[in-house]
Amino acid sequence: MSFADPRDANYIASANKPHAAVLATDYTALGVQLQRRGIAIDDITRAVANFRVAIPSWGVGTGGTRFGRFPGPGEPRNVFEKLEDCAVIHKLTAATPTVSLHLPWDKTDDFTALREHAAALGLGFDAMNSNTFQDQVGQPLSYKYGSLTHTDAAVRAQAVAHNIDCISAGKKLGSKALTVWIGDGANFPGQSHLGRAFERYLESTASIYKALPEDWRMFIEHKMYEPAFYATVIQDWGSSLMAAQALGPKAFCLVDLGHHAPNVNIEMIVARLVHAQRLGGFHFNDSKYGDDDLDAGSIEPFRLFLVFNELVEAELAKAPNFRPAHMLDQSHNVTDPIESLMTSAIELQRAYAQALIVERGRLHEYRIANDVLMAAQTLKRGFTTDVSPILAQARVARGGAIDPVAAYRDSGYRARCAHSRPGKQSLGGSIV
Ligand code: RM4
Ligand code: MN
Ligand code: MN
C-alpha cells in the first residue's frame, strides 16, 4: 500500500487524473439534459460548491451503542488529532471547512493553540456544544436527575456555568454559536412536574442567553426521548420554539433529523420554523427507528431531499432571518468515520442539488391549477435525476477529489494513523 497525504493538493490532483475524462463526458451529458429543462448546469455547480457543512468532532472517533463499542484502528486520541481527520474530510470533499466541538469531550488547556492548529489545517469552528447530560470525573454535583431543569438550584447553576464556559472557549476559537441539548426529563410519570421543569429550563437558559456575545446565536435542540424515556423537557419543536421566542432574537431552534418520532413530517417542521424566523440550523443524520445517528441520506434520501426543498424555497423567497447552520451529527459504529462523514457531506450536497434543479415555475403552476399528479411528478423529477457529475465537478472546482473515498483509501491514511496513534482502546458502551 502506498503512503501519501490525502490533504496534499498534488496528491488529490494525481488521484483525479484517471477520472477526469469520464467526469467531463458525464457532466456534459447532464448539462444537455438540464438545458432541456431550462436549467444552466454551471449555476447549480456553483451553488453546490458554496454549500458548507460542519463536521462534529465527536463523529471522527468510532461511536458505540449502549451495548458496546468496537473501536477502529488509528482513532484520534484528542481534539488536535480529531482536527487532523477533519482536515482530510475537508480537503477531499471541499465541503467541510468547519468543526463543531463538544465540551468537555474536546477540552484543552490552550484553545488559542487549538485555533492556530485548525487554521494551519484550513479549518475554522462552527457551534460549540455543551454537555450536561453526563457527569465528569471530579464534578461536584451530579446530573443524574437533570441539569438546567434540576430541582436543586445549585445543580442548575453548575450547568449554566458550564454553558458559559463553552461560550468563553468558543470566543477564543472564533465560534459564533452555542448549541444546547439537554437530556433532562422524567423516566416515570409522577417523577417530575412537567410545567415547572419547563419553567426552570427557561430560567436557566435565560442566564446563558445573557452571556451570549452580540454576534452569537444560541441553538436549542429538541429531542423526543432518550435518556428520559417518559417525558423530555425539550421534546419537540413546539417546546423549542416557545423557548426561543421567550429568550430573544438570538435564540433559534435546531433540528436534528433523528430526534423525531418515525414518520414525522420533518420538512413541515422546517417550513414552520422558517415562517417563525427561528430556524437556527440542523444536525443532519439519518434514522430508521429513533436517534440512530446513521449516515445522512443512507436510509431516507427522499426525506432529506424534501427538507432541502424547503430550504431552497426559503432561500429563493429570501426568507428573513434565514441563515441555517448545517452540521452533521452522526455515530459511526461499523464504518470508517472519515469515509462516512465524507459520504454524508456529499449526500447533503446531492439533496441540495436535487432541490435546486426542481422546475419551480412549473411546480407553481401545477399547484395553482390543482394538477396534483403533475405537481408531484415535477417535484420528484429533481430527486430522480442523478446529479453526481455536478457534485464531483463542484469538488474539483475547489480542489477536492472526484472520488473522495477512493482517494482516501489509496492514500493509506488510516493505516498510517494505526501506527502513529497507538493506545486508544476504550471498549464498553457509550453514545460516542
Ligand atoms: C444527542 C444530541 C446532541 C449530541 C449528543 C451527543 O442525542 O443529538 O446534539 O450532542 O447526542
Ligand atoms: Mn444532535
Ligand atoms: Mn441525537
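Residues numbered from 1 in each chain as written. Chains lettered and ligands numbered in written order. Predicted model: local features only at pLDDT ≥ 70, side-chain atom pairs only at ≥ 80, totals over all residues. Heavy atoms only, no water.

1. Quick look at the coordination of the manganese ion (ligand 3)
Alright, step 1. Taken together, His259 (NE2) and Asp291 (OD) make up the full set of protein donors to the manganese ion (ligand 3), lying 2.2 Å away.
Alright, step 2. If you look at the manganese ion (ligand 3) and the manganese ion (ligand 2), they sit 3.9 Å from each other. Residue histidine 259 is located in the loop between β8 (251–256) and α8 (266–275), and its partner aspartate 291 is located in the loop between β9 (279–284) and α9 (301–316); the two are separated by 32 residues in the primary sequence. The exposure classification of histidine 259 matches that of aspartate 291, with both residues buried. (Donors = N, O, S within 2.8 Å, 3.2 Å for Na, K, Ca; no water. Helix = DSSP H or I, 4+ residues; strand = E, 2+ residues; numbered from the N terminus. Buried < 20%, exposed > 50% of the residue type's maximum accessible area, 1.4 Å probe, protein only.)

2. A short note on the sheet that holds strand β4 (residues 177–180)
Alright, step 1. As summarised here, the arrangement of the eight strands in space is β1-β2-β3-β4-β6-β8-β9-β10, forming an open sheet in which the pairing is parallel. Two strands in the sheet have a free side with no partner beyond their single neighbour: β1 (55–56) and β10 (325–328).
Alright, step 2. Across four bridges, the pairing between β4 and strand β6 (residues 217–221) is parallel. The residue bridging leucine 178 from the neighbouring strand is methionine 218, located in β6.
Alright, step 3. Along the sheet, helix α5 (residues 153–173) makes contact with β2 (98–102), β3 (124–129) and β4, crossing β3 at roughly 175°. (Pairing = 2+ DSSP bridges. Contact = heavy atoms within 4.5 Å. Axes fitted to C-alpha atoms, helices over the stretch in contact; angles between N-to-C directions.)

3. Some details on the nonpolar core
Alright, step 1. Counting 111 residues, the largest nonpolar core has Tyr201, Leu279, Phe282, Phe284, Phe308, Leu348 and Ile390 as the members making the most contacts within it.
Alright, step 2. Per-element tally for this core: the top contributor is helix α10 (residues 337–356), with 11 residues.
Alright, step 3. For phenylalanine 282, the contacting residues outside a window of four places in its chain are Leu254, Val255, Leu257, Val270, Val307, Leu311, Pro324, Ala325, His326 and Met327.
Alright, step 4. Residues Ala127, Phe252, Leu254 and Met327 belong to the second largest nonpolar core, which totals eight residues. (Core = buried A, V, L, I, M, F, W, Y, C linked by side-chain atoms within 4.5 Å.)

4. Observations concerning the pairing of β9
Alright, step 1. Counting buried positions along β9 yields six of six residues, so the element is predominantly enclosed.
Alright, step 2. Where β8 lies against β9, four bridges are found, and the strand directions are parallel. When the sheet's bridge partners are listed, aspartate 256 is paired in β9 with histidine 283.
Alright, step 3. For the handedness criterion, the β-α-β arrangement of β8, α8 and β9 is classed as right-handed.
Alright, step 4. Across four bridges, β9 lies against β10 in parallel orientation. Note on β10: the bridge partner recorded for phenylalanine 282 is histidine 326.
Alright, step 5. Of the crossover connections in this fold, the one passing from β9 over α9 to the parallel β10 is right-handed. (Right-handed = clockwise from strand over helix to strand, strands pointing away.)

5. Regarding the coordination of the manganese ion (ligand 2)
Alright, step 1. Every protein donor of the manganese ion (ligand 2) is accounted for by Glu221 (OE), Asp256 (OD), His283 (ND1) and Asp329 (OD), and the metal-donor separations fall at 2.1 to 2.2 Å.
Alright, step 2. The site at the manganese ion (ligand 2) holds six donor atoms, and with the angles between them running 71 to 169°, its shape is octahedral.
Alright, step 3. Spacing between the donor residues of the manganese ion (ligand 2) along the chain follows E-x34-D-x26-H-x45-D. (Tetrahedral: all angles 85-135°; square planar, octahedral: opposite > 155°, others 65-115°.)

6. A word on the packing of aromatic side chains
Alright, step 1. Under the counting rule described, the total for this entry stands at 13 aromatic pairs.
Alright, step 2. Measuring from centroid to centroid gives 4.9 Å for phenylalanine 302 and phenylalanine 383, while their planes differ by 65°, and the two rings are edge-to-face. Placement of the pair is phenylalanine 302 in helix α9 and phenylalanine 383 in helix α12 (residues 372–384), with a sequence separation of 81 residues.
Alright, step 3. A centroid spacing of 6.2 Å and a plane angle of 50° characterise the contact between phenylalanine 308 and tyrosine 352, whose relative ring orientation is tilted. Residue phenylalanine 308 is located in helix α9, and its partner tyrosine 352 is located in helix α10; the two are separated by 44 residues in the primary sequence. The two residues phenylalanine 308 and tyrosine 352 agree in class, both being buried.
Alright, step 4. Three or more aromatic residues link up through ring pairs in this structure, and these residues are Phe51, Phe282, Phe284, Phe308 and Tyr352. (Phe/Tyr/Trp six-rings, centres within 6.5 Å; stacked < 30°, edge-to-face > 60°.)

7. A few points about the site of ligand 1
Alright, step 1. Close to ligand 1 lie His102, Trp105, Trp181, Glu221, Lys223, Asp256, His259, His283, Asp291 and Asp329.
Alright, step 2. Within the contact set of ligand 1, an oxygen atom lies 2.7 Å away from a side-chain nitrogen or oxygen of glutamate 221.
Alright, step 3. Between ligand 1 and histidine 259, the relevant distance is 3.0 Å, taken from an oxygen atom to a side-chain nitrogen or oxygen of the residue.
Alright, step 4. Computed on the free molecule, ligand 1 has an accessible area of 290 Å², of which 94% lies beneath the protein chains in the complex. (Near = heavy atom within 4 Å. Polar contact = N/O pair within 3.5 Å; in protein donor to acceptor, adjacent residues only side chain to side chain. Areas by Shrake-Rupley, 256 points an atom, 1.4 Å probe, with all protein chains shown as cover.)

8. Things to note about unusual backbone geometry
Alright, step 1. The omega torsion across leucine 103 and proline 104 is 5°, close enough to zero to call that bond cis.
Alright, step 2. In this structure, proline 104 sits in the loop between β2 and α4 (111–120).
Alright, step 3. In this model, glutamate 226 is joined to proline 227 through a cis peptide bond whose omega is 10°.
Alright, step 4. Here asparagine 263, not a glycine, exhibits a phi torsion of approximately 75°, which is positive.
Alright, step 5. Take asparagine 263: it is sitting in the loop between β8 and α8.
Alright, step 6. Among the residues examined, asparagine 263 registers a relative accessible area of 74% and is labelled exposed.
Alright, step 7. The backbone phi angle of aspartate 293 is positive, close to 55°, even though this residue is not glycine.
Alright, step 8. Relative to the assigned elements, aspartate 293 resides in the loop between β9 and α9.

9. Section: the side chain of histidine 260
Alright, step 1. Relative to the assigned elements, histidine 260 resides in the loop between β8 and α8.
Alright, step 2. Histidine 260 sits in the buried class, given a relative accessible area of 10%.
Alright, step 3. At a separation of 3.4 Å, a polar atom in the side chain of histidine 260 contacts the main-chain carbonyl oxygen of aspartate 256.
Alright, step 4. A distance of 3.4 Å separates a polar side-chain atom of histidine 260 from the backbone oxygen of leucine 257.

10. Observations concerning the pairing of β2
Alright, step 1. Most of β2 sits out of view: five of its five residues are buried.
Alright, step 2. Residues Thr98, Ser100 and His102 line one face of β2 and the alternating positions Val99 and Leu101 line the opposite face, and both faces are buried.
Alright, step 3. Note: β1 against β2, two bridges, orientation parallel. Across the sheet, residue isoleucine 55 finds its bridge partner in β2, namely valine 99.
Alright, step 4. A crossover connection joins β1 to the parallel β2 through helix α3 (residues 79–93); in handedness this β-α-β unit is right-handed.
Alright, step 5. Of the pairings in the sheet, the one linking β2 to β3 comprises four bridges and is parallel in character. Paired with valine 99 across the two strands is phenylalanine 125, which belongs to β3.
Alright, step 6. Handedness of the crossover joining β2 and β3 through α4: right-handed.

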